[in-house]
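Understanding the architecture of this molecule
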Amino acid sequence: VTLILLGPPGAGKGTQARMLEQDFGLVQLSTGDLLRGAVAAGTDAGKAAKAVMEAGELVSDEIVINILRDRMGDDDCARGVILDGFPRTTAQAEALEGLLAEHNATVDSVISLAVDDAAMVERVSGRFTCGGCGEGYHDTFKAPKVAGTCDNCGSSDFKRRADDNAETVAARLEAYHASTAPLIAFYDAKGTLTTVDAMGEIDAIASHLSTIVGKVA
Ligand code: AP5
Ligand code: ZN
């Protein structure tokens, strides 16, 4: 099973992908997370990507496709994947088709999360993540039950991303509209697209997505 979550920064791709991962036994593949891992590990790809990510621009198709191809080959991905933040350009979408074709697979479902630009700035600038288990939080919308302590693992090691500032968020949004939004029409033409209003409560959106994913997974 191959699912794609499309949407601008802050749409809730990561939040929803983690919930679907647990419910359906699929693996969340976030190219943003893979790239941040490469930056932290200091690989050649990470060195090339660091400044681009800090500017809020798109990393080259070549680097992103290579990093995704490597991860998709891992055994745990065989049952199915939720692609979060990939593809982001038409070239990436076409490369994905080639990659899946090698395994006689195709994209089963594409969910486009629709939010308004103002809401996404608020969501991204309030975001933080648990360094212990990776759980995502938000200052206003999803605060830990006990302030300063992760609900899941009890860690108090919270992190904020270097690119979650107002200036970079504007550049990320611009990159989304210029390069990624055209994929909505690309997948609509293939009949695999469902658009979901992602302005509501996290749990309400999650149950809507579960219904859609339940038809293919
Ligand atoms: P990436 O890591 O993919 O970031 P992004 O697309 O900007 O997406 P985000 O992680 O910001 O948002 P999200 O939709 O996952 O929202 P979340 O669930 O966290 O990419 C980073 C960079 O890497 C890019 O700029 C680029 O440079 C590079 N890159 C990555 N992939 C690439 C590719 N394929 N090609 C080229 N370059 C690539 O939610 C946000 C916050 O809101 C959270 O705090 C959450 O708790 C809260 N929230 C979520 N849902 C709701 C809700 N319904 N109501 C209220 N709050 C909510
Ligand atoms: Zn945690």
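Just so it is clear, the structure is predicted and the values come from calculations on it, not from any experiment.

The next point concerns the pairing of strand β1 (residues 2-6). Here β1 lies mainly inside the structure; five of its five residues are buried. Relative to strand β3 (residues 81-84), β1 is paired through four bridges, and the arrangement is parallel. Bridging across to β3, T2 finds its partner in V81. Where β1 lies against strand β4 (residues 109-114), four bridges are found, and the strand directions are parallel. Across the sheet, L6 pairs through a bridge with S112, a residue of β4.

Right, let's talk about the coordination of the zinc ion (ligand 2) for a bit. The zinc ion (ligand 2) binds to the protein through C130 (SG), C133 (SG), C150 (SG) and C153 (SG), with metal-donor distances spanning 2.3 to 2.4 Å. Around the zinc ion (ligand 2) sit four donor atoms, and with donor-metal-donor angles ranging over 100 to 115 degrees the site reads as tetrahedral. Read in sequence order, the donor residues coordinating the zinc ion (ligand 2) give the pattern C-x2-C-x16-C-x2-C. Linking C130 in strand β5 (residues 127-130) with C153 in the loop between β6 (136-138) and β7 (158-159), this pair joins segments that are 23 residues apart in sequence. Classification of C153 by relative accessible area gives partly exposed; the value is 39%.

A word on the sheet that holds strand β2 (residues 27-30). An order of β2-β3-β1-β4-β8 is seen for the five strands of this open sheet, with the pairing classed as parallel. Each having just a single partner strand, β2 and β8 (193-197) make up the two edges of the open sheet. Along the sheet, successive strands turn relative to each other by an average axial angle of 20 degrees, direction set aside. Pairing of β4 with β8 involves five bridges; the strand directions are parallel. Residue A114 lies in a different strand from β8, and its bridge partner there is D197.

It is worth spelling out the UniProt feature "binding site: ATP" (unreviewed entry) in the chain at this point. UniProt records the feature "binding site: ATP" (unreviewed entry) at G10, A11, G12, K13, G14, T15, R127 and G200, using the numbering of this structure. For G14, the position within the fold is in helix α1 (residues 13-24). A residue is classified by how much of its surface remains accessible, and G14, at 18% relative accessible area, is buried. When sequence neighbours within four positions are dropped, the list of residues in contact with G14 reads Q28 and D84. With respect to the helices and strands, the residue R127 is situated in strand β5. With residues up to four places along the chain from it excluded, the contact list for R127 reads Y137, H138, R160, R161, D164 and R172.

This paragraph deals with the packing of aromatic side chains. In total, this model carries four aromatic pairs according to the counting rule given. Ring plane angle 70 degrees and centroid distance 5.6 Å describe the contact between Y137 and F158, whose orientation is recorded as edge-to-face. Separated by 21 residues along the polypeptide, Y137 in strand β6 and F158 in strand β7 bring together distant segments of the chain. Judged by relative accessible area, Y137 falls into the buried class, the value being 4%. Its relative accessible area of 24% is what places F158 among the partly exposed residues. Ring geometry for F186 against Y187: centres 4.9 Å apart, planes inclined by 85 degrees, an arrangement best described as edge-to-face. Just as F186 is buried, Y187 falls in that class too. Put simply, the rings of F128, Y137 and F158 touch in pairs and so form one group of aromatic residues. The aromatic ring of Y137 is capped on one face by K142, whose charged end is 5.4 Å from the ring centroid. When the ring centre of F186 is taken as reference, the NZ or CZ atom of K190 above it lies at 4.9 Å.

Criteria and thresholds
- Residues numbered from 1 in each chain as written.
- Chains lettered and ligands numbered in written order.
- Predicted model: local features only at pLDDT ≥ 70, side-chain atom pairs only at ≥ 80, totals over all residues.
- Heavy atoms only, no water.
- Buried < 20%, exposed > 50% of the residue type's maximum accessible area, 1.4 Å probe, protein only.
- Helix = DSSP H or I, 4+ residues; strand = E, 2+ residues; numbered from the N terminus.
- Pairing = 2+ DSSP bridges.
- Donors = N, O, S within 2.8 Å, 3.2 Å for Na, K, Ca; no water.
- Tetrahedral: all angles 85-135°; square planar, octahedral: opposite > 155°, others 65-115°.
- Axes fitted to C-alpha atoms, helices over the stretch in contact; angles between N-to-C directions.
- UniProt positions renumbered as here; feature names shortened; annotations may be inferred.
- Contact = heavy atoms within 4.5 Å.
- Phe/Tyr/Trp six-rings, centres within 6.5 Å; stacked < 30°, edge-to-face > 60°.
- Lys NZ or Arg CZ within 6 Å of the ring centre and 35° of its normal.

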